[in-house]
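Listed here are the chains, written in short residue letters.
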Amino acid sequence: MVKVLGINFYDKDIQTAVQEVVSKITDNDCAHPVCISATGAHGVIEAYKNSAFKTVLNDFYINLPDGVPCVWVGRMKGANGMRRCYGPDFFKETMLSTAGLSIKHFFCGGKPGVAEELAQVSGQHFNNHQVAGTFSPPFTGMSDSEMDALGQQIQLSGAHIIWIGISTPKQELFGKRLAKHITTGIIITVGAAFDFHTGKVRQAPAWLQKIGLEWFFRLLVEPRRLYKRYFEIVPMFIYLNIKEFMHFCINKRTDK
């Protein structure tokens, strides 16, 4: 693991992360539910502003570096094997890797009908027909009794992996809360993966993703929804990491 502005991030690649998840299930190492997030600069800045959310993220089993900027920072700190673990790609690789296994999935997120459509996509594109159930959380939030009912639905479905596709920080808070209502399983938050794989939202071209400008493409596609978010997150992420790096260099020089 490597810290990016105080958040513990996974320092390997997607293939290794997928293998770890699959092994955890096949080795029956899920006596208690664990949470995994695919998060990036957005999650890091939310955690910087909210200490309670920072605690939630650092309690997760793994935080996958969803964005390239977090990978750049991690490598600067010595995590040379760190690669981007993009949420939609992690979902895809996991569905492909478990297609021939008796590992069941549960989709939780998206507008009504999106999770069901994703189940069809998983069968058509990834040859994975092991979707045990779907659920679309209401935008108004859920009571404890409703969460308990969802937990029972998931347990009865026999799902091993519960995928949550909402948005940061709602999805991580939702996942952490859901973990209290199930007895076993791996909860994975993957942001816009549901919308991307069902074609509801366009993904940025690979070359833009590679140079860390996926946020700019998404801003162009959804300016009204995202402009406030990115106008705060991007400069703040850059500023805080430069500040942290300068502080590190000063302390290193002082220690000599």
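Predicted model, so just to flag it, every value in this text is computed and none were measured. (Residues numbered from 1 in each chain as written. Predicted model: local features only at pLDDT ≥ 70, side-chain atom pairs only at ≥ 80, totals over all residues. Heavy atoms only, no water.)

On to the environment of V131. Structurally, the position occupied by V131 is in strand β6 (residues 131-135). The class of V131 is partly exposed, set by a relative accessible area of 23%. With residues up to four places along the chain from it excluded, the contact list for V131 reads H105, F107, A119 and S122. (Helix = DSSP H or I, 4+ residues; strand = E, 2+ residues; numbered from the N terminus. Buried < 20%, exposed > 50% of the residue type's maximum accessible area, 1.4 Å probe, protein only. Contact = heavy atoms within 4.5 Å.)

With parallel pairing, the six strands of this open sheet are ordered in space as β4-β3-β8-β7-β5-β6. Of all strands in the sheet, those with a lone pairing partner are β4 (62-65) and β6, marking the two edges. Across the sheet, the mean angle separating the axes of adjacent strands is 15 degrees when strand polarity is ignored. For strand β3 (residues 34-39) and β4, the ladder comprises four bridges, and the chain directions are parallel. (Pairing = 2+ DSSP bridges. Axes fitted to C-alpha atoms, helices over the stretch in contact; angles between N-to-C directions.)

This paragraph deals with a nonpolar patch on the surface. On the surface, I238, I242 and M246 cluster together into a nonpolar patch covering about 290 Å² of accessible area. Following the sequence through the fold, I238 ends up in helix α12 (residues 223-255). Owing to a relative accessible area of 46%, I238 belongs among the partly exposed residues under this scheme. (Patch = residues over 30% accessible without salt bridge, like charges linked within 9 Å, V, L, I, M, F, W, Y side chains within 5 Å. Areas by Shrake-Rupley, 256 points an atom, 1.4 Å probe, with all protein chains shown as cover. Salt bridge = Lys/Arg side-chain N within 4 Å of Asp/Glu carboxyl O.)

It is possible for side chains bearing opposite charge to pair when their charged atoms get close. In total, this model carries eight salt bridges according to the counting rule given. K176 is the salt-bridge partner of D59, the closest N and O atoms lying 3.9 Å from each other. With D59 in helix α3 (residues 51-59) and K176 in helix α8 (residues 170-178), this residue pair connects regions lying 117 residues apart in the sequence. On the basis of relative accessible area, D59 is assigned to the partly exposed category, the value being 47%. Judged by its relative accessible area of 28%, K176 is partly exposed. A salt bridge links E214 to R84, with the nearest nitrogen and oxygen atoms 2.5 Å apart. Of this pair, E214 sits in helix α11 (residues 214-221) while R84 is found in the loop between α4 (68-76) and α5 (87-97), placing the two residues 130 residues apart along the sequence. Per residue, the accessibility class of E214 equals that of R84, and both read buried.

Once that is clear, we can look at the state of the cysteines. Per the counting criterion, the structure on display carries zero disulfides. Counting only cysteine sulfurs, C85 is the nearest neighbor of C70, a cysteine outside any disulfide, at a range of 11 Å. (Disulfide = S-S within 2.5 Å.)

Next up on the list: the packing of aromatic side chains. Within the structure shown, the criterion is met by eight aromatic pairs. An angle of 70 degrees between the planes, with centres 6.2 Å apart, marks the rings of F91 and F126 as edge-to-face. In this pair, F91 is assigned in helix α5 and F126 in helix α6 (residues 114-126), connecting sequence segments 35 residues apart. Among the residues examined, F126 registers a relative accessible area of 7% and is labelled buried. Between F91 and W163, the ring centres sit 4.9 Å apart and the planes meet at 75 degrees, which makes this aromatic pair edge-to-face. Remark: W163 occurs in strand β7 (residues 161-165) and F91 occurs in helix α5; sequence separation between them is 72 residues. Residue classification places W163 among the buried residues on the basis of a relative accessible area of 0%. Sitting above the plane of the Y61 ring, K24 keeps its charged end 4.7 Å from the centroid. (Phe/Tyr/Trp six-rings, centres within 6.5 Å; stacked < 30°, edge-to-face > 60°. Lys NZ or Arg CZ within 6 Å of the ring centre and 35° of its normal.)

By themselves, these observations are geometric and do not establish any function.
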